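Examination of the molecular architecture
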Amino acid sequence: MRKPSWLKTTLPPPALVAPVVGLLRELGLHTVCEGARCPNRPRCFSRGTATFMILGERCTRSCPYCAVPGGAPEPPDPGEPERVAEAVARLGLAHAVITSVARDDLPDGGAGQFAATIWAIRRRCPGTVVEVLVPDFRGDRQALDDVLAAAPDILNHNVETVPRLYARVRPEGDYGRSLELLRRAAAGGRVVTKSGLMLGLGEAEEEVLGVLADLRRAGCAVVTLGQYLQPTPAHLPVAEYLPPVRFAAYRRAAREMGFRFAVAGPLVRSSFHAGDVFRCLFPGERCPPGSNPSTSPTR
């Protein structure tokens, strides 16, 4: 299908994007912005932000919607957490978002690397809000506990789609397992929990509302909803391009259900306006003078 006009954006000058790309290459870091072919990448990079992707650039899962390459990954890099913290410091981020590829090959699913990265950022940038977007760790409770013990401010785990479509969209995921992860994270009361969905894969409105209700029952406080975009012809096709008015209706529904913060729109991604979440929920906290106020705005 031809992309509608509301998905068209203006690219920033390459000179504004180059500094972030250069820093990432210098430090040997990966981003989900590049790995997942995020449509907002040029805009984020031009504003001096990125969402860091730890544990390599190859995923042990092969989700048919995702552009991140699969295959045998490299062993975890013990120097990576400090390099991420270095990048956060040099970019002056008030809000840092850390995600990863799925690492089902590791005993802890990569939880230790998440924890080490959180600690590294805390040491280097004590005023920075840390948000982690974690995989499901195959339901390993200890792995989740290890991440929570490092005290991230926000823990995000995306359910991605409605239960009926899991076999096609997330064949190696499990809807109930994802809800349980969010429920356990929220139960401690020490972290803001967040999740997100891609729309346009063939889901019905009542199914989306059902997922939102499930997330609220699991204690999820923040939700993002965005349009699925087919990254290559080999990936799942788009079933529907939802107009902005549909996203606005879902945002209103989420707020009426009790979500403390909801973002919905065609170009919304997991970390869309990520820094706004913490500033809205906890105004005045952890925004150090001189830090970058534009924190991972669109990815």
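This one's a predicted model, so the numbers in the text were calculated from it and none came from an experiment.

1. As for the overall build of the protein
Regarding its fold elements, the protein presents 11 helices and eight strands. For the protein, the spread of C-alpha atoms along the three principal axes comes to 45 × 45 × 45 Å. Counting all 299 residues of the protein, 55% fall into the buried class. Across the protein, every contact between residues at least 6 apart in sequence was considered, and the portion connecting residues at least 24 apart equals 75%. Counting only carbon and sulfur atoms, one obtains 54% of the accessible surface of the protein, whose full area is about 12,400 Å². One finds the centroid of the 37 positive side-chain charges in the protein at a distance of 6 Å from the centroid of its 30 negative side-chain charges.

2. Quick notes on the state of the cysteines
Using the criterion set out here, one finds zero disulfides in the structure. Of the cysteine sulfurs around C44, a residue in no disulfide, the closest is that of C33, at 5.8 Å. C44 gets classed as buried once you look at its relative accessible area, which sits at 2%.

3. Looking at the pairing of strand β6 (residues 192-199)
Counted residue by residue, β6 has eight buried out of eight residues, so it is predominantly covered. Relative to β6, strand β5 (residues 154-156) is paired through three bridges, and the arrangement is parallel. Bridging across to β6, N156 finds its partner in K194. As paired strands, β6 and strand β7 (residues 222-227) are joined by six bridges and run parallel to one another. Its bridge partner lying in β7, M198 is registered against G226. On the question of chirality, the crossover connecting β6 to the parallel β7 by way of helix α9 (residues 205-217) is right-handed.

4. Notes on the pattern of salt bridges
This model, assessed by the stated rule, comprises 20 salt bridges. Salt-bridge contacts for R164 lead to E207; the nearest nitrogen and oxygen are separated by 2.6 Å. Note that R164 is positioned in the loop between β5 and α7 (166-169) and E207 in helix α9, a separation of 43 residues in sequence. Looking at E207, the relative accessible area reads 19%, which means it is buried. Shared partners join several salt bridges into a network, and the residues in it are R61, D104, D136, R138, E172 and R177.

5. Digging into the sheet that holds β6
The strand order across the open sheet formed by eight strands is β1-β2-β3-β4-β5-β6-β7-β8, and the pairing between neighbours is mixed. Either end of the sheet is taken by a strand with one partner, and the two such strands are β1 (30-31) and β8 (261-265). Alignment of strand β2 (residues 52-54) against strand β3 (residues 95-100), held across three bridges, turns out to be parallel. Following the sheet pairing, M53 is matched in β3 by T99. Across the sheet, α9 touches β6 and β7, and the angle it forms with β6 is around 170°.

6. Here we look at the packing of aromatic side chains
Taken as a whole and assessed by the stated rule, the structure comprises two aromatic pairs. When the ring of F114 is compared with that of F137, the centres are 6.4 Å apart and the planes differ by 90°; the resulting orientation is edge-to-face. Of this pair, F114 sits in helix α5 (residues 111-124) while F137 sits in the loop between β4 (129-133) and α6 (141-149); the two residues are 23 residues apart in sequence, bridging distant segments of the chain. For the pair shown, F114 and F137 are each scored as buried. Relative to Y175, the ring of Y166 has its centre 5.7 Å away and its plane inclined at 80°; by these criteria the two rings are edge-to-face. The same class applies to Y166 and to Y175, which are both buried.

7. Thoughts on the environment of L93
Residue placement: L93 occurs in the loop between α4 (80-91) and β3. Of the residues examined, L93 reaches a relative accessible area of 2% and is grouped as buried. Counting along the chain gives 47 residues from L93 to D140, while the straight-line C-alpha distance between them is 31 Å.

8. Observations concerning the confidence of the model for the protein
Here the protein averages 91 in pLDDT, and 95% of its residues register 70 or above. Within the model, the stretch residues 287-299 combines pLDDT values under 50 with 53 contacts to residues more than four positions away or in other chains.

9. Some thoughts on the side chain of Q227
Of note, Q227 is situated in strand β7. Reaching out from Q227, the side chain makes a polar contact with the backbone oxygen of E240 at a distance of 2.9 Å. Those residues within four positions of Q227 in sequence are excluded, and the remaining contacts are L199, G200, V238, E240, Y241, L242, F247, G265, P266 and R269.

10. Here's the deal with the side chain of K194
Mapped onto the fold, K194 is located in strand β6. Looking at K194, the relative accessible area reads 0%, which means it is buried. Not counting the four nearest positions on each side in its chain, K194 is found in contact with E131, I154, L155, N156, H157, L182, C220, V222, T224, S270, S271 and A274.

What counts and how
- Starting from 1, residues in each chain are numbered consecutively following that chain's sequence as written.
- With the structure being a predicted model, the display of local features is reserved for residues of pLDDT at least 70 and the display and counting of side-chain atom pairs for 80 or more, all residues being used for whole-chain, interface and lining totals.
- Hydrogens are left out, water is left out, and the side-chain values use all remaining heavy atoms of the structure.
- For helices the rule is a DSSP run of H or I covering at least 4 residues; for strands it is a run of E covering at least 2, with both sets numbered from the N terminus onward.
- Relative accessibility under 20% of the residue-type maximum defines a buried residue, over 50% an exposed one, and the middle range a partly exposed one, all with a 1.4 Å probe and only protein chains included.
- Should any heavy atoms of two residues lie within 4.5 Å, those residues are considered in contact.
- Working definition of accessibility: Shrake-Rupley area with a 1.4 Å probe, residue cover restricted to the visible protein chains.
- In this tally Asp and Glu are treated as negative and Lys and Arg as positive; neither His nor the chain ends contributes.
- For the purpose of locating charges, the reference atoms are NZ of Lys, CZ of Arg, CG of Asp and CD of Glu.
- To count as a disulfide, a pair of cysteine sulfur atoms needs to be within 2.5 Å.
- By this definition, two strands are paired if DSSP reports at least two bridges between them.
- Consider the strands pointing away from the viewer: the crossover is right-handed when the path from the first strand over the helix to the second runs clockwise.
- What makes a salt bridge here is a side-chain nitrogen of Lys or Arg within 4 Å of a carboxyl oxygen of Asp or Glu, nothing more.
- Axis angles are defined between N-to-C directions and span 0 to 180 degrees, where every axis is a line fitted to C-alpha atoms and, for a helix, only to the segment in contact.
- A pair of aromatic rings is counted whenever rings of Phe, Tyr or Trp (Trp by its six-membered ring) have centres within 6.5 Å, and the orientation is called stacked for planes under 30 degrees apart, edge-to-face for over 60 and tilted otherwise.
- The predictor reports its confidence for every residue as pLDDT, a score running from 0 up to 100.
- N or O atoms within 3.5 Å of each other form a polar contact, as long as, within protein, one can give a hydrogen and the other can take it, and as long as residues adjacent in sequence are counted only when both atoms are side-chain atoms.

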